[in-house]
Amino acid sequence: MAGLTVAHRAALAHLITLCPPELLDGLRRAVGGWPGDKARELGGMLNDVDVERRRRERALGPLTPMFRERMDGIEALTFPAQILPRLWAVAREGELDLLERLDKEGPEASLVGDRLCLAAAAAVRDRPEAVWPTSLSSETREAGLEALAGCLDLAHLARKALNHLESWLGRPDGDSLAELRLLIRDASAIHEDGAPRLIDILFAHLKDAALVLRLVTQTSGSAGRDDFLSGSEMAVFVERLIAGVEVRAARVAAFRPGPEAGPEAEAALEDIHWCTATLGELDVTLKMQPGSAWGQDVREARLKVARRLTETIRSAPKTVEAALPMTRAALAGRMTRKVPDLNCDPASAALATAGVQLRLLGALRPAAAVFGCESDRKQQADALTETLSRYADEAFDLIHGGEVEDPDRALALMEAVARLLTHLEAHEAARTVRRRAAATIHGTEVRGASPEAA
């Protein structure tokens, strides 16, 4: 069987360069089971790409996270993704005899990686057009090239630092802190802005942006004070986090629950939890002065989130009341009493809004403690749990008493009540409502069965 033509190989090579690593891994496994010469050739191409990718990761690994935007949206030093393969191409072209030494991890691979990074730095300075396409933004090109070359100069320090990163983020001892400060000093000796540039490289490896505070506050004995840190070259990392808190606080303050606001509610919760964790990290790692610029920014952001939480907590009872209205039923003569209106729509917009609101109320427990409104939240949650349970009790009395026009609608409404209780994390109360509904359905089926079936 004929193999791939030159045109086929060129087209496939181009497609392979566009595929993310996860897709290539799956494709390589799939192709391994295909018959034929073409499949074997394609499998060989994919294996070659995988080997090359692993070599690139071992050589340029300290910098590779910088070629993608942060998932949390926090400002960071990054480079366009399409530059990475071009950077690897210019780094490896003069060192082809060393590439096989990157196939196994170890000290030798690290030394080869450091040499390739220095070769890449030289290429960035001498042949920028081979690394940074002129088709990309010209406004940031010069600054980007300078920053990239500077990061490559520091790659050997970053490679060493990554081996200690877990220790620095945990409970570092004196020797570990001395290692960090020595690396910071070495970075400063290489470039004037080498210290913050090295932290930029390490920052790219942190999924939780707030953890960078544990690095910058340990770079010197005085870095834990905001009056010292705000005037240092490391201030940019604190400012990025505070900016992130401010952006999220503004989004949380603008959020309003509605019948179709489920995704927005999840995003608001994510923002609240992120602010909670980041502000907690700021409180623990940095001695913030109340009158400082950072202290005022943090306090304002904290107040925005706290006000939104308080509004959500205090408006919940009215939302539930609108979703589960009451009506008046006759007792005797002119006497009436309030009972659940079981004719209302179990799929109403008001119930959907109540679901969003109570989902927030139940999930806010960790954040409410940080923002000073947990007592109010718990009080409202307990009161609503009691209200919903009582509503269900009265509704089942009406159903069992035959006072309901549409039992199916009423039972659907009880399922909605159980969901609201689940949102409040009142799981036992929700299970009770569902058990009673199931027993009611079973009892109705028995009573409605034929004598033969009974």
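Heads up: these notes are all about the structure in this document. (Residues numbered from 1 in each chain as written. Predicted model: local features only at pLDDT ≥ 70, side-chain atom pairs only at ≥ 80, totals over all residues. Heavy atoms only, no water.)

Attention now goes to the overall build of the chain. Broken down by element type, the chain carries 21 helices and two strands. Each of the 454 residues in the chain was classed as buried or not, and the buried ones make up 45%. Counting contacts in the chain only where the partners sit at least 6 residues apart, residues at least 24 apart contribute 71% of the total. (Helix = DSSP H or I, 4+ residues; strand = E, 2+ residues; numbered from the N terminus. Buried < 20%, exposed > 50% of the residue type's maximum accessible area, 1.4 Å probe, protein only. Contact = heavy atoms within 4.5 Å.)

Now for helix α20 (residues 407–423). Compared with an ideal rise of 1.5 Å per residue, which puts 17 residues at 24 Å, α20 spans 24 Å between its outermost C-alpha atoms and is within 8% of the ideal. Within the span of α20, buried status applies to Ala-410, Leu-411, Leu-413, Met-414, Ala-416, Val-417, Ala-418, Leu-420 and Leu-421. (Expected span 1.5 Å × (residues − 1).)

The next subject is the nonpolar core. Soluble globular proteins tend to pack their nonpolar side chains together in the buried interior. Leu-87, Leu-148, Leu-342 and Met-414 are the most contacted members of the largest nonpolar core, which has 132 residues in total. For this core, the element with the most residues is helix α16 (residues 293–323), which contributes 10 residues. Among all residues touching Met-414, those that are not within four sequence positions of it are Leu-342, Tyr-391, Ala-392, Ala-395, Phe-396 and Val-433. (Core = buried A, V, L, I, M, F, W, Y, C linked by side-chain atoms within 4.5 Å.)

This part is about the pattern of salt bridges. Scanning all chains against the criterion turns up 31 salt bridges. Glu-52 is paired through a salt bridge with Arg-55; the nearest N and O atoms lie 4.0 Å apart. With Glu-52 and Arg-55 both in helix α3 (residues 37–60) and three residues apart, the pair spans about one turn of that helix. What makes Arg-55 buried here is its relative accessible area of 14%. Taking the shortest distance from any N to any O, the salt bridge between Arg-359 and Glu-266 comes out at 3.2 Å. (Salt bridge = Lys/Arg side-chain N within 4 Å of Asp/Glu carboxyl O.)

Before going further, it helps to examine empty space enclosed by the protein. One pass over the structure, following the stated rule, counts one cavity of 30 Å³ or more. Here the largest cavity is characterised by a volume of approximately 50 Å³. The class makeup of the residues in the lining of the largest cavity is seven nonpolar, one polar and one charged. (1 Å grid on protein atoms, 1.4 Å probe; cavity = no way out; pocket = protein on both sides within 12 Å on 5 of 7 lines; lining within 4 Å. Points joined across faces, edges and corners; volume = space filled by probe spheres on them. Nonpolar A, V, L, I, M, F, W, Y, C, P; charged D, E, K, R; others polar.)

Here we come to helix α7 (residues 141–153). Compared with an ideal rise of 1.5 Å per residue, which puts 13 residues at 18 Å, α7 spans 18 Å between its outermost C-alpha atoms and is within 8% of the ideal. Across the 13 residues of α7, 10 count as buried, placing the element largely inside the fold. Within the span of α7, buried status applies to Arg-141, Gly-144, Leu-145, Ala-147, Leu-148, Ala-149, Gly-150, Cys-151, Leu-152 and Asp-153. Here the buried face of α7 lies against α4 (83–92), α5 (107–126), α6 (128–131), α8 (155–162), α10 (174–190) and α11 (194–203).

What follows concerns the side chain of Glu-95. For Glu-95, the position within the fold is in the loop between α4 and α5. A polar contact of 3.3 Å, which involves the side chain of Glu-95, links it to the side chain of Arg-115. Excluding residues within four positions of it along the chain, Glu-95 makes contact with Arg-115 and Leu-116. (Polar contact = N/O pair within 3.5 Å; in protein donor to acceptor, adjacent residues only side chain to side chain.)

Viewed as axis vectors pointing N to C, α4 and α5 meet at an angle of 105 degrees, and their least axial separation amounts to 8 Å. Between α4 and α5, the interaxial angle falls into the category roughly perpendicular. Taking contact as the criterion, the partners of Leu-87, Trp-88, Val-90, Ala-91 and Arg-92 in α4 are, on α5, Leu-116, Ala-119, Ala-120, Ala-123 and Val-124. Partitioned by chemical class, the residues of the contact of α4 with α5 number nine nonpolar, no polar and one charged. (Axes fitted to C-alpha atoms, helices over the stretch in contact; angles between N-to-C directions. Parallel < 35°, antiparallel > 145°, perpendicular 65-115°, else oblique.)

A separate point is the environment of Gly-262. Checked against the element boundaries, Gly-262 lands in helix α15 (residues 262–285). Distance from Gly-262 to Thr-353, taken between C-alpha atoms, is 8.8 Å for residues 91 residues apart in sequence.

A separate point is the side chain of Arg-197. If you trace the backbone, Arg-197 turns up in helix α11. Here Arg-197 is in contact with Leu-77, Ala-147, Cys-151 and Leu-154, once residues within four sequence places are set aside.

Between helix α14 (residues 235–254) and α15, the shortest axis-to-axis distance is 9 Å and the interhelical angle comes to 145 degrees. Like other packed secondary-structure pairs, α14 and α15 cross with a definite hand, here left-handed. Contacts between α14 and α15 involve Val-238, Leu-241, Ile-242, Gly-244, Val-245, Arg-248, Ala-249, Arg-251 and Val-252 from the former and Ala-268, Asp-271, Ile-272, Trp-274, Cys-275, Thr-278, Leu-279 and Leu-282 from the latter. Tallied by class, residues from the contact of α14 with α15 come to 12 nonpolar, two polar and three charged. (Left-handed = near helix turned anticlockwise from the far one by under 90°.)

Moving on: the environment of Ala-122. In this structure, Ala-122 sits in helix α5. Along the primary structure Ala-122 and Val-90 are separated by 32 residues, whereas in three dimensions their C-alpha atoms are 9.5 Å apart.

Taken as a whole and assessed by the stated rule, the structure comprises two aromatic pairs. A centroid spacing of 5.6 Å and a plane angle of 45 degrees characterise the contact between Phe-67 and Phe-79, whose relative ring orientation is tilted. A residue pair is termed long-range when its members are at least 10 positions apart, and Phe-67 in the loop between α3 and α4 and Phe-79 in the loop between α3 and α4 qualify at 12 residues. Residue classification places Phe-79 among the buried positions, given a relative accessible area of 4%. With centroids separated by 6.1 Å and ring planes inclined at 75 degrees, the aromatic side chains of Phe-203 and Phe-237 adopt a geometry described as edge-to-face. Within this pair, whereas Phe-203 is found in helix α11, its partner Phe-237 is found in helix α14, the two being separated by 34 residues in sequence. On the accessibility criterion, Phe-203 (1% relative accessible area) is buried. Judged by its relative accessible area of 1%, Phe-237 is buried. The ring of Phe-203 has Arg-70 lying over it, and the distance from NZ or CZ to the ring centre is 4.3 Å. A cation over a ring is seen here: Arg-248 above Trp-274, with NZ or CZ 4.0 Å from the ring centre. (Phe/Tyr/Trp six-rings, centres within 6.5 Å; stacked < 30°, edge-to-face > 60°. Lys NZ or Arg CZ within 6 Å of the ring centre and 35° of its normal.)

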